[in-house]
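Chain by chain, the residues:
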Amino acid sequence: MTILSILKFPDPRLRKVADPVVKFDNNLEKMANDMLHTMYEENGIGLAGSQVDFHQRIIVMDISEDRNEPKIFINPEFKILDNKSLLSFEEGCLSVPGELEEITRPDNIHLVWYDLSGVRHEDTPTGLLTVCIQHEIDHLEGKLMVDYLSPLKRDRIRKKALK
Ligand code: K1U
Ligand code: ZN
């Protein structure tokens, strides 16, 4: 397995919108395994393809305490079920190291995704899984945690990262 290098804000490649996965082949499986390996190595709970300069719609995640419940989401999409049900969480980002910011997101979503065999799944996750999947889908859209902050705060983080 390979440890992949993670793009850091403000690298413009983090702003690319990822393409849907169309080939469910051995290369995709290897990428998923390399991404999981990289996420565990960096002590993250999630990682999106965009963060490792792979611009296809793939996310890996493990929110379990024992770090032994890897999840792979291909072509994930969600719909907000209730705009009024919100959850605030102090989020981190492996592409914005050293910053933790409280972000408020919808807590009640319907999620659809595919596995490595191309089989469709759906769920209505709650809690940390809901927060993390929305953070990772943002990455696939070229959107970052810093985009939820004020321009002043975002610029402070950008300048600090460029030092
Ligand atoms: O996508 C990433 O950059 C990974 C990110 C995922 C994430 C963490 C917290 C909330 C939403 C999404 C991380 O794993 S950051 C590092 C981390 O393990 C962590 C940081 C704060 C709270 C919980 C975990
Ligand atoms: Zn992130």
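Above: the structure in question.
The paragraphs below set out a description of the structure included in this document. (Residues numbered from 1 in each chain as written. Chains lettered and ligands numbered in written order. Predicted model: local features only at pLDDT ≥ 70, side-chain atom pairs only at ≥ 80, totals over all residues. Heavy atoms only, no water.)

### Details of the coordination of the zinc ion (ligand 2)
Note on metal geometry: ideal angles are 109.5 degrees for four donors arranged tetrahedrally and 90 or 180 degrees for six donors arranged octahedrally. Note the cut-off: Any nitrogen, oxygen or sulfur atom within 2.8 Å of a metal ion counts as a donor, with the limit raised to 3.2 Å for Na, K and Ca, and since water is left out, coordination shells can look unfinished. Going along the chain from the N terminus, every DSSP run of H or I of four or more residues is numbered as a helix, and every run of E of two or more is numbered as a strand. Each residue is placed in one exposure class: buried if its accessible area under a 1.4 Å probe, protein chains only, is under 20% of its type's maximum, exposed if it is over 50%, and partly exposed if it falls in between.
Only Cys93 (SG), His135 (NE2) and His139 (NE2) from the protein coordinate the zinc ion (ligand 2), and they sit 2.1 to 2.3 Å from it. One chain supplies every donor for the zinc ion (ligand 2), spaced along it as C-x41-H-x3-H. Placement of the pair is His135 and His139 together in helix α2 (residues 127-140), with a separation of four residues, close to one helical turn. Overall, the relative accessible area of 7% leaves His135 in the buried class.

### Brief notes about unusual backbone geometry
Here the residue pair Phe9 and Pro10 is connected by a cis peptide bond, since its omega of 10 degrees sits within 30 degrees of zero. Assignment of secondary structure puts Pro10 in the segment before α1 (26-41). Of note, the phi angle at Asp53 is positive, near 65 degrees, even though the residue is not glycine. Classification of Asp53 by relative accessible area gives partly exposed; the value is 34%. For Asn75, which is not glycine, the phi dihedral falls at a positive 45 degrees. Among the residues examined, Asn75 registers a relative accessible area of 15% and is labelled buried.

### Describing the pattern of salt bridges
Note the cut-off: In what follows, salt bridge is the name for a side-chain nitrogen of Lys or Arg lying within 4 Å of a carboxyl oxygen of Asp or Glu.
What the rule picks out here adds up to 12 salt bridges. Among the salt bridges present, the one from Glu141 reaches Arg57, with a minimum N-O distance of 2.5 Å. Taken together, the residues Glu141 in the loop between α2 and α3 (151-162) and Arg57 in the loop between β1 (46-48) and β2 (58-61) connect sequence positions 84 residues apart. On the basis of relative accessible area, Arg57 is assigned to the buried category, the value being 11%. Taken together, the salt bridges that share partners define one network made up of Asp11, Arg13 and Asp53.

### A closer look at the pairing of β2
We count it as follows: Two strands form a pair only when DSSP identifies at least two bridges running between them.
Side chains Ile58 and Val60 of β2 all project onto a buried face; the interleaved residues Ile59 and Met61 project onto the opposite face, where all are buried too. Inspection of the sheet shows β1 paired to β2 by three bridges, in the antiparallel sense. From the neighbouring strand, Ala48 faces β2, where its bridge partner is Ile59. As defined by bridge partners, β2 adjoins strand β3 (residues 71-80) across four bridges and the pair is classed as antiparallel. Each bridged residue has a counterpart across the sheet, and for Ile59 the counterpart in β3 is Phe73.

### Thoughts on the side chain of Asp138
Just so we agree on the cut-off: We call two residues in contact whenever any of their non-hydrogen atoms come within 4.5 Å of each other.
Mapped onto the elements of the fold, Asp138 is located in helix α2. Beyond its immediate stretch of four places on either side in the chain, Asp138 contacts Arg105, Lys143 and Tyr148.

### Re the nonpolar core
Going by this rule: Among buried residues, those of type Ala, Val, Leu, Ile, Met, Phe, Trp, Tyr and Cys that are joined through side-chain atoms within 4.5 Å constitute a nonpolar core.
Counting residues in each nonpolar core, the largest one holds 15 residues, and the members touching the most others are Leu28, Met35, Leu47, Val52, Phe54, Ile58 and Val60. Taken together, the elements giving at least two residues each to this core come down to α1 and β2. Filtering out sequence-adjacent residues up to four positions away, Phe54 remains in contact with Leu28, Met31 and Gly49. In terms of nonpolar packing, the next biggest core, distinct from the first, is built from 13 residues, Ile59, Leu111, Trp113 and Cys132 among them.

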